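Chain and residue survey
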Amino acid sequence: MLKRPATMTDPSKPDPAKPDTAKSAPPRRCPICGKPAEVRWRPFCSRRCADIDLNRWFTGAYAVPAVEDDETPPEEGGEG
């Protein structure tokens with residue numbers, strides 16, 4: 001009879017190396033108001049908080065920092 005390698009596990013059993021995050025992790029909080037997040041609006045608690053976050057992106061309150069190089073890119077179109 002063939003034996004399975006030690007690295008393979010039974011797919012019907014949970015992997016002991018991976019904890020069940022639904023049971024072990026605390027509930028996520030809304031990043032805007034701190035209330036528990038709702039599945040429908042995840043990661044927010046409501047449409048209102050989702051809209052507040054979207055408005056902050058639109059108005060530039062949130063910004064992804066960019067580092068600009070001092071070098072200018074070479075001319076496109078080749079030589080000549």
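For the structure, see preceding data.
Let us look at the structure shown here. Because the structure is a prediction, the values reported are computed rather than measured.

Each value, and the rule that gives it
- Residues numbered from 1 in each chain as written.
- Predicted model: local features only at pLDDT ≥ 70, side-chain atom pairs only at ≥ 80, totals over all residues.
- Heavy atoms only, no water.
- Core = buried A, V, L, I, M, F, W, Y, C linked by side-chain atoms within 4.5 Å.
- Buried < 20%, exposed > 50% of the residue type's maximum accessible area, 1.4 Å probe, protein only.
- Contact = heavy atoms within 4.5 Å.
- Salt bridge = Lys/Arg side-chain N within 4 Å of Asp/Glu carboxyl O.
- Helix = DSSP H or I, 4+ residues; strand = E, 2+ residues; numbered from the N terminus.

**A look at the nonpolar core**
Counting five residues, the largest nonpolar core consists of Cys30, Phe44, Cys45, Cys49 and Ala50. Beyond its immediate chain neighbours, meaning those up to four positions away, Cys45 contacts Cys30, Cys33, Lys35, Pro36, Ala37 and Glu38.

**Regarding the pattern of salt bridges**
Under the defined criterion, the tally for this structure stands at one salt bridge. Note that Asp51 and Arg47 form a salt bridge whose closest N and O atoms lie 3.7 Å from each other. One end of the pair is Asp51 and the other is Arg47, both in helix H2 (residues 47–59) and four residues apart, which spans about a single turn. Classification of Arg47 as exposed rests on a relative accessible area of 53%.

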